[in-house]
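# Survey of secondary and tertiary structure
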Amino acid sequence: DRTGWVVTQVHLSGGHEMILVYRLNDPRGSMAVRPVGLDPNRKYLLSRWDGSDMAEKRSGRQLMEEGIQVDLPAFFRATAVVLELSPHD
């Protein structure tokens, strides 16, 4: 069965995280991805794997509770989101 979404979280050095998101043959073009294991009291900067800024800085608590909205309008597409600990928070 190739329906649904596949999400994998990778722990990187320095408290950074990478979330890999794959849309299979699912009718929904977007979903909220909820990372796990973040520091709830620290802020994270969000960016795409290609380096483009998502213009978001959110607490670990917000990210784990509310998730990150990921839009993939076409079937069988993927993206990666990088969460970097903010050095100033």
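As a reminder, the structure under discussion sits directly above these lines.
Residues numbered from 1 in each chain as written. Predicted model: local features only at pLDDT ≥ 70, side-chain atom pairs only at ≥ 80, totals over all residues. Heavy atoms only, no water.

### Notes on the overall build of the protein
Worth spelling out the cut-off: Going along the chain from the N terminus, every DSSP run of H or I of four or more residues is numbered as a helix, and every run of E of two or more is numbered as a strand. Only C-alpha atoms enter the radius of gyration, while the globule expectation follows 2.2 Å times N to the 0.38, with N the number of residues. For the exposure calls, accessible area comes from a 1.4 Å probe over protein chains only, and a residue counts as buried if that area is under 20% of its type's maximum, exposed if over 50%, partly exposed in between.
A count of helical and extended segments in the protein gives one helix and seven strands. In the protein, the order of α-helices and β-strands from amino to carboxyl end is β-β-β-β-β-α-β-β. Its C-alpha atoms give the protein a radius of gyration of 13 Å, within 12% of the compact-globule value 12 Å for 89 residues. With the principal axes as the frame, the protein shows a C-alpha extent of 40 × 25 × 20 Å. Scored against the burial criterion, the 89 residues of the protein give a buried share of 34%.

### Remarks on the nonpolar core
Note the threshold: What is meant by a nonpolar core is a set of buried Ala, Val, Leu, Ile, Met, Phe, Trp, Tyr and Cys residues, joined one to another through side-chain atoms within 4.5 Å.
Core analysis: the largest hydrophobic core is formed by 16 residues, its most contacted members being Val 21, Leu 63, Ile 68, Val 70 and Leu 83. When residues of this core are traced back to their parent elements, those giving at least two are strand 2 (17-23), strand 3 (30-33), strand 4 (43-48), strand 6 (68-71) and strand 7 (77-85).

### Focus on the environment of Ser 59
Along the chain, the position of Ser 59 falls in strand 5 (residues 53-59). Separated by 15 residues in the primary sequence, Ser 59 and Tyr 44 place their C-alpha atoms 6.0 Å from one another.

### Comments concerning the pattern of salt bridges
Side-chain pairing between opposite charges can occur once the charged atoms of the two side chains come close. Rule in force here: Whenever a carboxyl oxygen of Asp or Glu lies within 4 Å of a side-chain nitrogen of Lys or Arg, that contact is scored as a salt bridge.
Evaluation of the coordinates by the stated rule reveals three salt bridges. With a shortest N-O distance of 3.2 Å, Glu 56 and Arg 58 are connected by a salt bridge. Look at Arg 58 and you get buried, because its relative accessible area is 12%. Between Arg 58 and Glu 66 there is a salt bridge; the shortest N-O distance is 3.5 Å. Three or more residues are tied together by salt bridges with common partners; here these are Glu 56, Arg 58 and Glu 66.

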